[in-house]
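Fold and contact review
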Amino acid sequence: MKPYAAILPLLIAAAGSLTAQERSGVSRVSPRALTAQAVNFPAPADTLYSAGPVSLSATATSGLSVSFASTTSSVCTVTGTSVTLLRLGTCTITASQPGNGTYAAATPVSQSFNVNGMIGTALRNGNLAAVASDARGAVFVLDFYNGILKLTSTGTFSLVTRIGTSSYRYLAADLSGNFYVSGGGSYQVSRISASGVSTIIAGNGLAGFSGDGGPATSARLNNPAAIAVDASGNVYIADTENSRIRRVASDGTISTVAGNGVPGNSGDGSAATAASLAYPQGVAVDTSGNLYIADYGNGSIRMVSATGIISTLASGINTPGVTIDADGNIWVSGGTIRKIGPSGQVSIAAGGGSSEVDGIPATSAGWNGSNTLAVDATGNLYIAVPYTGSLREVKPLAETIVFPPPPDRNFTNASITIIATSASGRAVTLSSDSDTVCSVAGNVLTLLATGICTLTATLPGNATYTTAQSVHQSFAISPGPQSITATAPTGTTVRREPVAVVATASSGLPVSMVSTTPSVCNVTTSAIPLIGLGSCPINTLACPLFPATFLITPVSAGTCTLTATQ
């Protein structure tokens, strides 16, 4: 009889608990629902860039470990639980827990904090009226008497164009080298070329409201304030007393893009042209065509989307000016400078204090109001304070290197760690100025010879810190101690065949020998001839080559004593 064999199929439905059901010879494993978990991630506090790395802490209700990632890599990066600060701005960190076979993935939690800088004064001449930046981050100022100045890479200002004595109060710049000015009771907006040619682009010089749909130069404006220019060359004007935002298209026609002309606060969620504004003074536009309005009378920041729908981003902010940076942060002016991050969080970036001195945290500084702001390509903030005719800046901090002089030392083959740090905690670069005496890789020093070793510590600047002054340090390297080990030859008879003796130095350097008893034994280049009876002391001298094996030739009967010295 053939043996009986039965095959039972096994269907594994999913990983999980073993709730088994047998049916038709099949064993089924039913999945088990994973347990939910949540991440608890408290928001880190705002910090100064100079405070260095920020430590993160988050927990999951499951007890599983939480991981962190930065969603603002231009401002900060994360390694483990440590955040490295790269520049001023808003740092956003996301905490996540992916789950396992028991717990489902937790909903990620994001938290943001501000990386703040110090306050300084970029320009104080008593004539400053406004500041603006173009889409590339170049910064310009409007000077009542001298014209339009540009901030250079060295921190000084150069004249771009003269416009004569003016009462303009607002400035904008496009990427073609043109500037736009308004204010001062002219009821007009002018474009000024880099060569200084001024052309009126909006307003007929009479106060009022008229002209939508026709030439902007025939229209009436009423106390025009801030100006913004988009990538297509459209010019936006805060028509303050008309409670509207007007747009001058590239073909020169004017229209209303926000505000119905009736002061008030209404219309969110609907067409911006049907909404009420209250004496807007500031306007800005981003690269996507979204419009930002400093709705001064309502104490709010309104946004008009590229599709024309208006909404309120922040309220309770009595601000005359607004600008936006490349990271999507919205900056609003006044006695206190506030920043609205991409996710809508509002924070104080500068001002709010009472001190007008430089070199203090920007949030401790104070001034008598500001109307216009600018942000450069690296995220540094510039604040025009017309009351004092000065331009304040939230600027890079002064960087310093701490590099104590290394002590003089004896020569050694062992590697030496050199310590050099910076005030910011950023890594310092070390280099050797004495390549034949010492070399350095990272912070590890290798000695090559005796002499003077000179090292230089350097640290370049970044968006938040200036380039540190290089530090040079020198120290002396003297000959190091060493010992010699030699094998003592056994007794022998006088013969012509040599006896081998090996001598080595602890330094690894080679040894050479000389005989101090030539009547008993001799040492030539590599041999000691034995001459007669007696003791044969041998002296050895270290040479910078390699350990040597010496041959001793007996000359006469006696004791041959070899002495090695270094």
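Quick notes on the rules
- Residues numbered from 1 in each chain as written.
- Predicted model: local features only at pLDDT ≥ 70, side-chain atom pairs only at ≥ 80, totals over all residues.
- Heavy atoms only, no water.
- Helix = DSSP H or I, 4+ residues; strand = E, 2+ residues; numbered from the N terminus.
- Buried < 20%, exposed > 50% of the residue type's maximum accessible area, 1.4 Å probe, protein only.
- Contact = heavy atoms within 4.5 Å.
- Areas by Shrake-Rupley, 256 points an atom, 1.4 Å probe, with all protein chains shown as cover.
- Disulfide = S-S within 2.5 Å.
- Pairing = 2+ DSSP bridges.
- Axes fitted to C-alpha atoms, helices over the stretch in contact; angles between N-to-C directions.
- Core = buried A, V, L, I, M, F, W, Y, C linked by side-chain atoms within 4.5 Å.
- pLDDT = per-residue confidence, 0-100.
- Polar contact = N/O pair within 3.5 Å; in protein donor to acceptor, adjacent residues only side chain to side chain.
- Salt bridge = Lys/Arg side-chain N within 4 Å of Asp/Glu carboxyl O.
- Phe/Tyr/Trp six-rings, centres within 6.5 Å; stacked < 30°, edge-to-face > 60°.
- Lys NZ or Arg CZ within 6 Å of the ring centre and 35° of its normal.

1. A few points about the overall build of the protein chain
- A count of helical and extended segments in the protein chain gives 0 helices and 52 strands.
- Counting over 566 residues, the protein chain shows a buried share of 44%.
- In the protein chain, the proportion of contacts linking residues at least 24 apart, taken out of those at least 6 apart, comes to 48%.
- Carbon and sulfur atoms provide 54% of the accessible area of the protein chain, an area that totals close to 26,100 Å².

2. So, the environment of G205
- Within the element layout of this structure, G205 appears in the loop between β21 (198–202) and β22 (224–229).
- Residues G205 and Y187, 18 residues apart in the sequence, show an inter-C-alpha distance of 5.2 Å.
- Look past the residues within four positions of G205 in its chain and what remains in contact with it is S186, Y187 and Q188.

3. Here we look at the environment of F209
- Inspection of the secondary structure puts F209 in the loop between β21 and β22.
- Through-space distance from the C-alpha of F209 to that of E241 is 9.2 Å; in sequence the pair is 32 residues apart.

4. With respect to the state of the cysteines
- Inspection of every chain in the model, using the stated rule, returns 2 disulfides.
- The side chain of C76 participates in a disulfide bridge whose partner is C91; the two sulfur atoms lie 2.1 Å from each other. Taking the sign of the torsion about the S-S bond as the criterion, the disulfide between C76 and C91, at about 90 degrees, is right-handed. Placement of C76 in strand β9 (residues 76–79) and of C91 in strand β11 (residues 89–96) is noted, with a sequence separation of 15 residues between them.
- Judged by relative accessible area, which is 0%, C76 ranks as buried.
- In this model C438 forms its disulfide with C453; the gap between the sulfur atoms is 2.0 Å. Taking the sign of the S-S torsion, 90 degrees for the link of C438 and C453, the bridge is right-handed. Residue C438 is found in strand β42 (residues 438–441), and its partner C453 is found in strand β44 (residues 451–458); the two are separated by 15 residues along the sequence.
- Judged by its relative accessible area of 0%, C438 falls in the buried class.
- On the accessibility criterion, C453 (0% relative accessible area) is buried.

5. As for the sheet that holds strand β5 (residues 47–48)
- The sheet built from 4 strands is open, its strands ordered β5-β12-β11-β8 with mixed pairing. At either end of the open sheet lies a strand with only one pairing partner, and these are β5 and β8 (67–70).
- Here β11 runs beside strand β12 (residues 109–116); their pairing, made up of 7 bridges, is antiparallel. Directly across from T90, in β12, lies its bridge partner N114.

6. Examining the sheet that holds strand β29 (residues 310–315)
- The strand order across the open sheet formed by 4 strands is β26-β27-β28-β29, and the pairing between neighbours is antiparallel. The open sheet has two free edges, formed respectively by β26 (282–285) and β29, since each of these has just one partner strand. Between one strand axis and the next, the sheet turns through 20 degrees on average, direction left out of account.
- One ladder, built from 5 bridges, connects strand β27 (residues 291–295) with strand β28 (residues 300–304); its direction is antiparallel. Among the inter-strand pairings, D295 is bridged to a residue of β28, identified as S300.

7. Digging into the nonpolar core
- Of all hydrophobic cores here, the largest spans 20 residues; its most connected members are I401, F403, L445, C453 and L455.
- Elements with a minimum of two residues in this core: β42, β43 (444–447), β44 and β45 (471–478).
- Those residues in contact with L455 that lie beyond four places of it in its chain are F403, I418, S431, S432, D433, C438, L445, V471, H472, Q473 and F475.

8. Re the pairing of strand β18 (residues 170–173)
- Side chains Y170 and A172 of β18 all project onto a buried face; the interleaved residues L171 and A173 project onto the opposite face, where all are buried too.
- Strand direction decides the pairing type here: β18 and strand β19 (residues 179–182), joined by 4 bridges, are antiparallel. Within β19, the position partnered with L171 by the bridge is V181.
- The antiparallel hairpin formed by β18 and β19 contains 5 residues in its connecting segment, where G177 sits at a positive phi of about 90 degrees.

9. Re the confidence of the model for the protein chain
- When pLDDT is averaged along the protein chain, the result is 81, and 80% of the positions lie at 70 or above.
- Mean pLDDT across the secondary structure elements of the protein chain bottoms out at strand β1 (residues 10–11), with 32, and peaks at strand β24 (residues 244–248), with 98.
- Here residues 1–27 is a poorly scored stretch, pLDDT under 50, and it has 28 contacts once near neighbours within four places are set aside; other chains count.
- Low pLDDT, under 50, characterises residues 540–547; the stretch is placed with 33 contacts to residues that sit more than four places away or in other chains.

10. Some words on the side chain of D295
- Topologically, D295 is positioned in strand β27.
- Using a relative accessible area of 0% as the deciding quantity, one classes D295 as buried.
- For D295, the side chain forms a polar contact with the side chain of N298, separated by 2.8 Å.

11. Some remarks on the pattern of salt bridges
- One pass over the structure, following the stated rule, counts 4 salt bridges.
- Close ionic contact of D212 with R246 constitutes a salt bridge, the shortest N to O distance being 3.0 Å. Residue D212 is found in the loop between β21 and β22, and its partner R246 is found in strand β24; the two are separated by 34 residues along the sequence.
- In this structure R246 comes out as buried when scored by relative accessible area, which is 0%.
- Put simply, R302 and D295 hold a salt bridge, and the shortest N to O gap is 2.9 Å. Neither residue differs from the other here; R302 and D295 are each classed as buried.

12. With respect to the side chain of T161
- Looking at the element boundaries, T161 is found in strand β17 (residues 157–161).
- T161 sits in the buried class, given a relative accessible area of 4%.
- At 3.2 Å, the side chain of T161 and the backbone nitrogen of G196 are in polar contact.
- T161 has contacts with N146, G147, I148, I192, S193, A194, S195 and G196, leaving out every residue within four places of it along the chain.

13. Considerations on the packing of aromatic side chains
- A complete count under the given rule lists 2 aromatic pairs for this structure.
- Ring geometry for F140 versus F179: centroids 4.9 Å apart, planes at 75 degrees, classification edge-to-face. Placement of F140 in strand β15 (residues 139–143) and of F179 in strand β19 is noted, with a sequence separation of 39 residues between them. An identical accessibility class is assigned to F140 and F179; each is buried.
- Sitting over the face of the ring of F209, R244 holds its NZ or CZ atom 3.8 Å from the ring centroid.

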